[in-house]
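# Overview (structure and organization)
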Amino acid sequence: MTHVRLDAGNQGLFRLPCAPGLSALIAALLLAGCGGGGGGDETAAAATTPPGTLPPVTLPVVPAVVAEDPLARYQWHLLNTGQDALSSTRPVAGVDLNLGNLYDTGVRGTGVSVAVLDTGLDIRHEDLQANVAIGGSINFRTGSGDPTLAGTGGDHGTSVAGVVAARAWNGLGGRGVAPEAVLHGFNFLLAPTLANELASFGGAAQAAPVQVFNLSYGEDLSEVAVVSADELAAREQVMASSRAGRGGIYVKSAGNGFFSIDGVDCSVAQRLGVSCGNTNLETSSNLVSMTVVGAVNAAGRRASYSSQGASLAVVGLGGEFGENRAQAPGQADLAYQPALLTTDFSGCDKGYHRTIGTPANPLDLVGPSPLDPSCNYTAIFNGTSAAAPTVAGVAALILQVNPQLSQREVQYLLATTARRIDYPGTPVQFQGVAVYDGWVVNGARRAFSNSYGFGLVDAQAAVAAARTFAPLAPRRQIDWQTATPSTPVPIPYRDGAGTAGSLPISVGASMTVESVQVAFNTTHRRPANLRVALISPSGTRSILVWPFSGIRPLTGSTTAGFGSERMLSNAFLDENAQGTWRLEVVDVTAASGTSPSQLVSWSLRVTGR
């Protein structure tokens, strides 16, 4: 059995069902949202608060117990000596979060609140309950304060929560990255309305104290998501206003679509070794305040499933599939590489490790195992769903030592202290056209990769930098500038000569780039034939869309072609925005020298300081 990032159904297609405008929506959220979006048969086992009330949020009472955690030895993502990780293949020593002596010096995420937006949170789990904020969670289906999942399947949110903040030194299970952080649970994925999402983002009283928000969900899309301007503004307003205006740390999974997307032929991408899925297709991954996280395995390479994209910020540790040949023979070699060990839905009658299914490794047997007789843990949790909470945990460590940091500053610290891995990478070309550039060093000497963002998070380096960090200059944003030529630009076949297939936009302001957003329109109807790249005044190229990805052809009678209202690139960090930017569109499969399609217009927005 494999457990990868949970897709959230219609995420990216949310509307405003309860309020006609942004101000009305935000006001409704202050009254705990526009309803549960519910149905279903889920009931809370024992609500911690009466339905419909907004209780005061208090920190959990932590027992003064010091004991070794019996399963921590298998958690290679925390400390990797090349030890037994329960899978057949051992991890490569040193591929971990580099926690160093942080725990010994008291840096454990103490008091930092982390929200898990997911399917649920087992608030009575033996290795989580000491860290759960009393009155700090919402069950959107029942209206109660208990988001514990009903049913017998695995609870994705409980496993995510364990990666972030399983309690340490209590003699139980393993540990979280930030083992003294405070957990809040919001079962948003069971009632995925925009109002519930924004309530979980900090709009509801239960979420108001939250500093770090973990979003291990999303969609591996085969088309660009279309979201209204009101929805985008609502998200951005709540995200910016959280943490008393400093901005919450929103950590989101990049996606698990490298190999495939349902119903799409990505066979050429597979042969070339580029991603079928693209992080830039999902709207929330293109918000300037979202930290998008890919996954690395225990060998220190991009995890097999982890989607590529220019909106990646960093990578965390997600592992592979965690199986062992002794319990699960006959699988592909990839299945036997380590996954993450974390908390599971309590009891042998439910969860990933339970009394039905197939055995995977010495812990995940069918029913009780000597390592886990109560079936409260699993060692097969993986995906960018697992990688994101490793980064959320590091963010909690950062905020413990410097709680005044803004969202921008935390993301900047994560990016600038991350470790380059698999460097310089292997560029990919198709008949002379660059499809994937590997690592690219920009004009400010920041190295970026569509596979790894700025690299693997380094907890010890990030915390050390946070202690003495000089605040960034106030945020600046050059609002959207648009290039719309009187005659659309023909899209050339493969790499055009000079500036063929591109349009310029001149930025007059001198400012330091943090991120760049792009919108564009073409008449092309087969986007999987295209490479769309943004080129900065410093000459740095960031590939936003690459050929042979899983973007479906446009259908229907409309004359509109492929485009996007928002794609983001992090590749230009610390460059100067001043000068000429170019968007370049190339068709790699046109039958003749020039595609019959055209680049109609494009727009640019730069955020920085």
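Predicted model only: the values in this text are computed from it and were never measured.

Conventions and cut-offs
Residues numbered from 1 in each chain as written. Predicted model: local features only at pLDDT ≥ 70, side-chain atom pairs only at ≥ 80, totals over all residues. Heavy atoms only, no water. Helix = DSSP H or I, 4+ residues; strand = E, 2+ residues; numbered from the N terminus. Buried < 20%, exposed > 50% of the residue type's maximum accessible area, 1.4 Å probe, protein only. Contact = heavy atoms within 4.5 Å. Areas by Shrake-Rupley, 256 points an atom, 1.4 Å probe, with all protein chains shown as cover. Pairing = 2+ DSSP bridges. Axes fitted to C-alpha atoms, helices over the stretch in contact; angles between N-to-C directions. Core = buried A, V, L, I, M, F, W, Y, C linked by side-chain atoms within 4.5 Å. Parallel < 35°, antiparallel > 145°, perpendicular 65-115°, else oblique. Left-handed = near helix turned anticlockwise from the far one by under 90°. Nonpolar A, V, L, I, M, F, W, Y, C, P; charged D, E, K, R; others polar. Disulfide = S-S within 2.5 Å. Phe/Tyr/Trp six-rings, centres within 6.5 Å; stacked < 30°, edge-to-face > 60°. Lys NZ or Arg CZ within 6 Å of the ring centre and 35° of its normal. pLDDT = per-residue confidence, 0-100.

Looking only at helices and strands, the chain has 8 helices and 23 strands in total. A buried classification covers 62% of the 609 residues belonging to the chain. Put simply, of all contacts in the chain between residues at least 6 apart along the chain, 78% involve residues at least 24 apart. For the chain, the computed accessible surface area is about 20500 Å², with 53% contributed by carbon and sulfur atoms.

With that settled, consider the sheet that holds strand E4 (residues 212–215). Pairing in this open sheet of 6 strands is parallel, and the strands run E3-E2-E4-E6-E7-E8 from one edge to the other. Edge positions in the open sheet fall to strand E3 (182–186) and strand E8 (312–317), since each of these has one partner strand only. Each strand axis lies, on average, 30 degrees off the axis of its neighbour in the sheet, ignoring direction. Relative to strand E2 (residues 113–117), helix H2 (residues 156–165) is tilted by about 155 degrees, and along the sheet it contacts E2, E3 and E4.

Attention now goes to the nonpolar core. In terms of nonpolar packing, the biggest core is built from 79 residues, with Val212, Leu397 and Ile398 touching the most fellow members. The greatest single-element share of this core, amounting to 11 residues, is contributed by helix H6 (residues 384–401). Setting aside residues no more than four positions away along its own chain, Leu397 makes contact with Leu99, Leu102, Val107, Arg108, Gly109, Val177, Ala178, Ala459 and Val463. Leu530, Val545, Phe562 and Met567 belong to the second-largest nonpolar core, a separate cluster that totals 34 residues.

Here we come to the sheet that holds strand E17 (residues 502–507). Here 4 strands make up an open sheet; going across it, the order is E17-E22-E19-E20 and the pairing antiparallel. On the outer flanks of this sheet lie E17 and strand E20 (541–545), each paired with one strand and no other. The mean inter-strand angle of the sheet, taken between neighbouring strand axes irrespective of direction, is 20 degrees. Two strands pair when backbone bridges link them, and strand E19 (residues 530–535) and strand E22 (residues 579–587) are joined in this way by 6 bridges, in the antiparallel orientation. In the sheet register, Leu534 faces E22, and the bridge partner there is Leu583.

Attention now moves to the environment of Val112. Within the fold, Val112 resides in the loop between helix H1 (22–29) and E2. On the basis of relative accessibility, which here comes to 2%, the residue Val112 falls in the buried class. Sequence spacing of Val112 and Ala181 is 69 residues, and the spatial spacing of their C-alpha atoms is 5.0 Å. If we ignore the near neighbours within four places in the chain, the residues touching Val112 are Ala181, Val182, Gln211, Val212, Ala396, Leu399 and Gln400.

So, about unusual backbone geometry. Cis rather than trans, the peptide bond between Tyr423 and Pro424 has omega equal to 5 degrees. Relative to the helices and strands, Pro424 resides in the loop between helix H7 (407–417) and strand E11 (428–430). Phi at Cys375 takes a positive value of approximately 55 degrees, unusual for a residue other than glycine. According to the relative accessible area criterion, Cys375 is buried, its value standing at 0%. Positive phi is not limited to glycine here, since Gln431 has a value of about 50 degrees. Positionally, Gln431 belongs in the loop between E11 and strand E12 (433–436).

Another aspect to go through is the packing of helix H3 (residues 194–203) against helix H4 (residues 229–241). Two elements in contact, H3 and H4, have axes whose closest approach is 9 Å; the angle formed by their N-to-C orientations is 20 degrees. Accordingly, the angle class assigned to the pair H3 and H4 is roughly parallel. In this structure, H3 crosses over H4, and the sense of that crossing is right-handed. Contacts between H3 and H4 involve Leu194, Glu197, Leu198, Phe201, Gly202 and Gly203 from the first element and Glu231, Ala234, Arg235, Val238 and Met239 from the second. Partitioned by chemical class, the residues of the contact of H3 with H4 number 6 nonpolar, 2 polar and 3 charged.

Tallied over the entire structure, the rule returns 2 disulfides. For Cys266, the disulfide goes to Cys276, at an S-S distance of 1.9 Å. Because the sign of the S-S torsion sets the handedness, a value of about 50 degrees for the bond joining Cys266 and Cys276 places this disulfide among the right-handed ones. With Cys266 in the loop between strand E6 (249–253) and helix H5 (267–272) and Cys276 in the loop between H5 and strand E7 (290–296), this residue pair connects regions lying 10 residues apart in the sequence.

Before going further, it helps to spend a moment on the packing of aromatic side chains. For the coordinates displayed, the defined rule picks out 13 aromatic pairs. Seen in terms of ring centroids, Trp439 and Tyr452 are 5.9 Å apart; in terms of plane orientation they differ by 10 degrees. Their pairing is stacked. Pair noted here: Trp439 is in strand E13 (residues 439–441) and Tyr452 is in the loop between strand E14 (447–449) and helix H8 (459–467), with a separation of 13 residues, a long-range link. Considered together, Trp439 and Tyr452 belong to a single accessibility category, that of buried residues. Of the aromatic side chains, those joined through ring pairs into one cluster are Phe201, Phe213 and Tyr250. Sitting above the plane of the Trp169 ring, Arg108 keeps its charged end 4.2 Å from the centroid. Directly above the ring of Tyr423 sits Arg420, whose terminal nitrogen or CZ lies 4.8 Å from the centroid.

Below, the discussion takes up H7. Two residues of an α-helix separated by three or four positions point the same way, owing to the 3.6 residues in each turn. With respect to burial, H7 is a largely interior element, 10 of its 11 residues being buried. Among the residues of H7, Gln407, Arg408, Glu409, Val410, Gln411, Tyr412, Leu413, Leu414, Ala415 and Thr417 are the ones counted as buried.

On to the environment of Asp127, then. Position of Asp127 relative to the elements: it lies in the loop between E2 and H2. Placed 40 residues apart in sequence, Asp127 and Arg167 show a C-alpha to C-alpha distance of 5.4 Å. Leave out the neighbours within four places in its chain, and Asp127 touches Ala165, Ala166, Arg167, Asn170, Leu172, Gly173, Gly174, Thr343 and Tyr377.

Of all residues in the chain, 87% attain a pLDDT of 70 or more, and the chain-wide mean is 89. Note on residues 1–56: pLDDT under 50 across the span, and 148 contacts to partners over four residues away in sequence or across chains.

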